[in-house]
Amino acid sequence: KFIYCLWKCPLMAPRVQLEKAAWRWVDSVRPEDIHREHIEIAYRICVPPCKRGACRRNCKGNPNCLVGIGEHAWLGEINENSFHNIDDPNSERRDKNTFVGLTNLGATCYVNTFLQVWFHNLELRRTLYLCQNARAEEHNMDSDYEPRSICEHLQYLFALLQNSNRRYIDPSGLVKALGLDTGQQQDAQEFSKLFLSLLEDTLSKQKNPNLQNVIQLQFCGQMSYVTVCNQCGRASPLPSRYYELELNIQGHKNLTECVTEFLKEEKLDGDNRYFCESCQSKQNATRRIKLHSLPHVLNLQLMRFIFDRQTGHKKKLNTFISFPEQLDMGPFLEGKGIKCVYELSAVLIHRGVSAYSGHYIAHVRDARTSDWYKFNDEEIEKMEGKKLQLGIEEDIAETVKSQTRKPKCSKGYHCSRNAYMLVYKCHREEDTDPMETNVDVPGFLQRLVDRDNRKFEEWCLEMADMRKQSVDKGKAKHEEVKELYELLPAEDGQQYEFVPLEWLKKWLDDSTVTKEIDNGNFLCSHGKLHPDKVGEAKRISVKAAELLFDRYGGGPRLDGSTLCEECVGQRCRVLRLKNQLAEDYKEVTNLVKGPPKSDEGYWVGKTSLRSWRQLALEQLDEDEEETKHIDGKTNGEGPEITATKDEEEMKTFNEDILCRHGGLSILESERRLVTEEVWSKLRVYFPRAPQFTQLQEPCQQCLRLEREGKENEALNRMMASEQKSSLLNLFQEKNRPTLTKWPQETDILYIVPLFFVDEWRKFIRRPTKTTPVSSVGNSLLLCPHGGFMFTHDSIIALLWPGEWEVISRHFLVDQPISICQISQATPNGSSVEYTTQPELCRDCREGFIFQQQRDMREYAQATVYVRKVIDDKRLMEAAPEVNVSGSEAEDEREEPVTKVDGERDPDFSQDGAKRQRLSDSTIGAAASPAPMASGGKSGIRRSTRHRKLRGEKALIVSANQTLKELKIQIMHAFSVAPFDQNLSIDGRCLTDDSATLGSLGVIPESVICLKVCTAFILDLILNLNL
């Protein structure tokens, strides 16, 4: 009754309130007094179901709520189109008396516009159909036809555009044959020129002479550049052919002005004077273009895309240009009085404000009907009437409210700010002859088109069948859902089962495949339904469950007998203890204030006693979680990493007085006695805590180890004191021998690893905290052949003979290593050499040095520094560094080390004249002594940490990276273009962009100088202007 009233409360949050109400009874019921009614309350069996419209979404806290799980899509009348996502295949069918569109492959709209214009050129289409195509004529109709040449592609494409049943076709074959990038928009005007040139070259190879010159007959005209000398009047004509006229539109309003400027006379004077062959000198002259003949199809390119010298990029001119439907080119021809009237047949439009983006469409006039059509890739629109209507195309370029109004156009004229190419066709009487306007597709091409049409019809039937199957399946699912949904609710007093809420949602979601029912995630550790999972399951009738499991399978079946009494009892105990914890905490706090009055006390850890309340809460939470573990799953939520034994013990009360052997800790300061009453209360919360009575003895093993440890510490102190007194100079780093200042009183020194000396000093300083050093590992300084490995980077320490005697007595030495000095007289003076025992292994040493050099040139993810240079001077001022750590600051300080004259190779003698030959027992004397010394106090050690300078940046590079790739990194770091970068390293210029950094000698920590080459920019601008 309480839960029912709480559910009806309009102010409650259902999931939270139902969770609290389901366990409210634990305050008055002990775990041993739990009955069936308490279990059903915990599982919310008696919560009333929601009615349709009562809640917006499903109530997860109520297992009886079956509203908002997706049923609304099935219970009413359903449109058949909702059963599938397949479009009507007839929408892909070509409408009667319309043209076929072309698919835009990404950025190929400019190609589609020209293809539509050339398709509507009947003479060109008729000529292409006449081209020989043996492959198409002999093609086996059982396989797909794949054209190869450009002519074959155009033939097949035009045949499909003419007689295909499809609404649009795919031109990818032709685009691929042309090698065009479908993702990048090319220059449309340049594409037109190149394609006509390619087509002309292809047709010129045809055997039929009538086909060889069709491009010239259609598009080619004759003109000449005529230069007239002002001094002698000699005219020098230069004949030329043209396929289109490129007209400047800047500063003009109509097409006539553009053509007039194209033919305007140009003066040649000053530096641009003309060399006259008659005068045999440069003279002022005039030059103009003369049109001698016009082609049948006149292409006029309006130069909307020009180069902007200020920005260095192309830009689009949005100038309005007026052009007529009929153009009389007679006045522009050389032979005056010649009538040459052209009719407008196509307008190509570029929609967009940028020269590098936008969209291309074409307005084309049908040669047979004189109707105008707008071709926009797949979409084709017929204009009303028989007039060109540019319409909205002129508004696309507007980004803001335009201040330039569209000028008024006279009758028979059109005005456009987006037209970039006008196609005029010469008006002839025979063009209206039906015999001239009808172009028949050759039989061999029509067979290929018919095969494609059959494939299209088969596809349409397949799509229609798939739609029908989806509709039939949806109707069957509709009937199933309507039938089963009515059976889902479980009536009071009747048997029931549980199924996952998510499975019911997917069952009602027709877009997903319904899988079998999986209740495995709902099981507790006892193999029954876990109380915490009841909110993610729904209680349904047994009849509905039988039907669902029969149709979809799955399991395990969870009915009323799977309500877990053990989990409910455990939860009841935990909740009761949580409620009782505050009261017990106060009582324990008062009881522990006094000492135990009898000998029956118990030891507890002081740390545990201080934090037992928090530990109790954590322990109760763990007990509550224990019921959620089964087969590596936690409430079915997936695998969980099981804690190790040590981790579990770390959370146990009294673990702070438990030694590692499982006994009572010997540290009495960390524990205290409590009464039996206190321990009994703590034991309720920590039943698995270790228990130690007052009479419990401490761990005997720990006591024995403590005694042994104290004895060992005394021995270590004695050993350290003895070794320190014997090797005092070595410990204090005083009076150390070096190679540069060989001591006069001895001819032999001994070598040990510097690591041994460092570890020994640590032991001397802290003998009770550090393990004693027992051996000298000189084998680390030997090669695999047993020879001495002396390199520039060796880290060794030199010892006096007396020190070596002490070392040999106190430590185990695996291999003695000694070095002797030998003086020899030479014509150039005395020379000093050294011999070692064991002898130096020259082969291994040279191999080691070679490998070091190789590693320096075969690196990945290394750091180099690029330093910007101004006026051939490096910016050497140290940049202030912030947030420098103490260790970094320490590295920057100057520390004393041995310093030698010059940086010499270890294999050179001290006189520096030439490299000494190494005998089997000699090595060069002038090795870099810094690593050889054991920390002498003379000289200065330079910091190996790179000091950052102003104007310098660090870059991460690899040896196989090219110089060009490095320049791109530098461009992002310094904002300097690659062609403005002059790079050098150690005075060498880096110029080969294709070379790798390794081959150029760029090694890790290199400093590369960058000089900005501004003169190159000026030269580039001048060249562009020229």
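Values in this document were obtained by computation on a predicted structure and should not be read as measured data.

A. Up close: the overall build of the chain. Secondary structure summary: the chain contains 30 helices and 42 strands in total. Burial statistics for the chain: of 1026 residues in total, 43% are counted as buried. Contacts spanning at least 24 positions in sequence make up 74% of the contacts within the chain whose residues lie at least 6 apart.

B. Fine view of the sheet that holds strand β29 (residues 671-674). With antiparallel pairing, three strands are arranged side by side in an open sheet as β29-β26-β30. Looking at the sheet topology across the chains shown, the edges are occupied by β29 and β30 (692-693).

C. Broad picture of the pairing of strand β20 (residues 419-426). β20 sits mainly inside the fold: eight of its eight residues count as buried. Where strand β10 (residues 297-302) lies against β20, five bridges are found, and the strand directions are antiparallel. The partner of leucine 300 across the bridge, within β20, is leucine 422.

D. Inspection of helix α26 (residues 801-810) at higher detail. All buried positions along α26 are accounted for by Glu803, Trp804, Val806 and Ile807. In a view along the axis of α26, the buried residues occupy a sector of 160°, so they form one face of it. α26 presents Glu805 and Arg809 as exposed residues on the side facing more than 90 degrees away from its buried surface.

E. Highlighting the nonpolar core. Core analysis: the biggest nonpolar cluster contains 60 residues, and Trp118 and Leu348 have the highest contact counts within it. Setting aside residues up to four positions removed in sequence, tryptophan 118 forms contacts with Leu124, Phe158, Phe191, Ser192, Phe195, Leu196 and Phe219. Counting residues in each nonpolar core, the second largest holds 38 residues, with Cys258, Ile321, Met329 and Tyr342 among its members.

F. Main features of the side chain of threonine 103. Tracing the backbone through its elements, the reader meets threonine 103 in the loop between β1 (101-102) and α5 (109-119). If near-sequence neighbours (up to four positions away) are discounted, threonine 103 is found in contact with Thr108, Asn112, Tyr168, Ile169, Asp170, Pro171 and Glu378.

G. Examining the packing of helix α6 (residues 122-130) against helix α8 (residues 150-163) more closely. Running from amino to carboxyl end, α6 crosses α8 at an angle of 120°, the nearest separation of the two axes being 9 Å. If you check the angle between α6 and α8, you find them oblique. Considering only the axes of α6 and α8, their crossing is left-handed. On α8, the residues that touch Arg125, Leu128 and Tyr129 of α6 are Cys151, Leu154, Gln155, Phe158, Ala159 and Gln162. A per-class count over the contact of α6 with α8 returns six nonpolar, two polar and one charged.

H. Representation of the packing of α5 against α8 in the model. For the pair α5 and α8, the least separation of the axes is 11 Å and the interaxial angle reads 75°. Taken together, α5 and α8 sit at an angle that is classed as roughly perpendicular. Here α5 contributes Leu115, Gln116, Trp118 and Phe119 to the contact with α8, which in turn contributes Leu154, Leu157, Phe158, Leu161 and Gln162. For the contact of α5 with α8, a count of residues per class yields seven nonpolar, two polar and no charged.

I. Quick peek at the sheet that holds strand β21 (residues 496-500). Strand order in this open sheet of three strands is β23-β21-β25, and the pairing throughout is antiparallel. Strands with a single pairing partner mark the edges of an open sheet, and in this sheet they are β23 (537-541) and β25 (558-559). As paired strands, β21 and β23 are joined by five bridges and run antiparallel to one another. For valine 499, the partnering residue across the bridge sits in β23 and is lysine 538.

J. Unusual backbone geometry, seen in detail. The amide bond that connects glycine 555 to the next residue, proline 556, takes the cis arrangement and shows omega of -5°. In this fold, proline 556 is placed in the loop between β24 (554-555) and β25. Omega for the peptide link from glutamine 837 to proline 838 comes to 5°, which places this bond in the cis form. Relative to the helices and strands, proline 838 resides in the loop between β36 (829-837) and α27 (842-857). One non-glycine residue, aspartate 986, adopts positive backbone phi at about 55°. One can find aspartate 986 in the loop between β40 (981-985) and β41 (988-990).

K. Quick peek at helix α17 (residues 542-552). Along α17, the residues classified as buried are Ala544, Ala545, Leu548 and Phe549. Across the axial projection of α17, the buried residues extend over an arc of 125°, all falling on one side. Away from the buried face of α17 by more than 90 degrees, exposed residues Lys543 and Asp550 are located. Packing partners of the buried residues in α17 comprise α15 (443-487), β21, α16 (501-508), β22 (517-518), β23 and β24. Following α17 by one or two positions, glycine 553 has its phi on the positive side, about 70°.

Reading the values: the criteria
- Residue positions are given per chain, counting from 1 as you read along its sequence in written order.
- Local features are withheld for residues below a pLDDT of 70 in this predicted model, meaning they are given only at 70 or higher, and side-chain atom pairs are given and counted only at 80 or more; totals for whole chains, interfaces and linings count all residues.
- To obtain the side-chain values, all non-hydrogen atoms of the structure were included, while hydrogens and water were left out.
- Strands here mean DSSP runs of E at least two residues long; helices mean DSSP runs of H or I at least four residues long; both are numbered from the N terminus.
- Only protein chains enter the accessibility calculation, which uses a 1.4 Å probe; a residue is then buried when its area is under 20% of its type maximum, exposed when over 50%, and partly exposed in between.
- Contacts were defined at the residue level, with two residues in contact if any of their heavy atoms lie within 4.5 Å.
- Should DSSP find at least two bridges between two strands, the strands are taken to pair.
- By construction, the arc corresponds to the directions joining the helix axis to the C-beta atoms.
- Within this scheme, the nonpolar core is defined by two criteria: the residues are buried Ala, Val, Leu, Ile, Met, Phe, Trp, Tyr or Cys, and they are joined through side-chain atoms within 4.5 Å.
- In this description, a line fitted to the C-alpha atoms serves as the axis of each element, helices being fitted only across the stretch in contact, and the angle between N-to-C directions of two axes falls anywhere from 0 to 180 degrees.
- By the definition adopted for this analysis, an angle is roughly parallel if under 35 degrees, roughly antiparallel if over 145, roughly perpendicular if from 65 to 115, and oblique otherwise.
- By definition, any crossing whose near helix is turned counterclockwise from its far helix by less than a right angle is left-handed, and any crossing with a clockwise turn is right-handed.
- For this classification, the nonpolar set comprises Ala, Val, Leu, Ile, Met, Phe, Trp, Tyr, Cys and Pro, the charged set comprises Asp, Glu, Lys and Arg, and every other residue, Gly included, is treated as polar.

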